[in-house]
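# Geometric and topological summary
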Amino acid sequence: MCRNITELRGLQPPATDDEVTAAAAQFVRKITGIGKPNPAVAPAIDEAVQEIAAITRDLLAGLPARRGEPTTVPPLRRPAVRQRLGLGPFEG
């Protein structure tokens, strides 16, 4: 599948809603092949992202604690990515 989807389980502090939604959006973009949806398909894409994000939150909440943090830092926690997106420092 996509090697670039980062692991969210075991993050400290736990994954934020923005991180879960970003991962869901990346997953939907990958499986649909649609990077920038046109207005005709945007509602279906947005609905899929929200549903997958909700399922992901439920899944993460139901899994046992992880022994250690993931080895990869999620993009929304990286200073360079946050700066590029015009976001302030990660607060968690």
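Above this text sits the structure in question.
Let us look at the structure shown here.

Conventions and cut-offs
- Residues numbered from 1 in each chain as written.
- Predicted model: local features only at pLDDT ≥ 70, side-chain atom pairs only at ≥ 80, totals over all residues.
- Heavy atoms only, no water.
- Helix = DSSP H or I, 4+ residues; strand = E, 2+ residues; numbered from the N terminus.
- Buried < 20%, exposed > 50% of the residue type's maximum accessible area, 1.4 Å probe, protein only.
- Lys, Arg positive; Asp, Glu negative; His and termini not counted.
- Salt bridge = Lys/Arg side-chain N within 4 Å of Asp/Glu carboxyl O.
- Polar contact = N/O pair within 3.5 Å; in protein donor to acceptor, adjacent residues only side chain to side chain.
- Contact = heavy atoms within 4.5 Å.
- Expected span 1.5 Å × (residues − 1).

## Observations regarding the side chain of R82
- Considering the arrangement of structural elements, one finds R82 in helix α3 (residues 79-84).
- Buried and unpaired, R82 has no salt bridge, with D18 as the nearest side chain of opposite charge at 6.4 Å.
- One polar contact links the side chain of R82 to the main-chain carbonyl oxygen of G88, over a distance of 2.5 Å.
- Discounting chain neighbours no more than four positions away, the residues touching R82 are L76, L87, G88, P89 and F90.

## Brief notes about helix α1 (residues 17-32)
- Between the first and last C-alpha of α1 there are 22 Å, a value that for 16 residues agrees with the 22 Å anticipated at 1.5 Å per step.
- All of the buried residues in α1 are E19, V20, A23, A24, A25 and V28.
- In this fold, the buried residues of α1 make contact with α2 (42-62).
- The positive-phi residue at the C-terminal boundary of α1 is G33, with phi of around 75 degrees.

In short, shape yes, function no, at least from these values alone.
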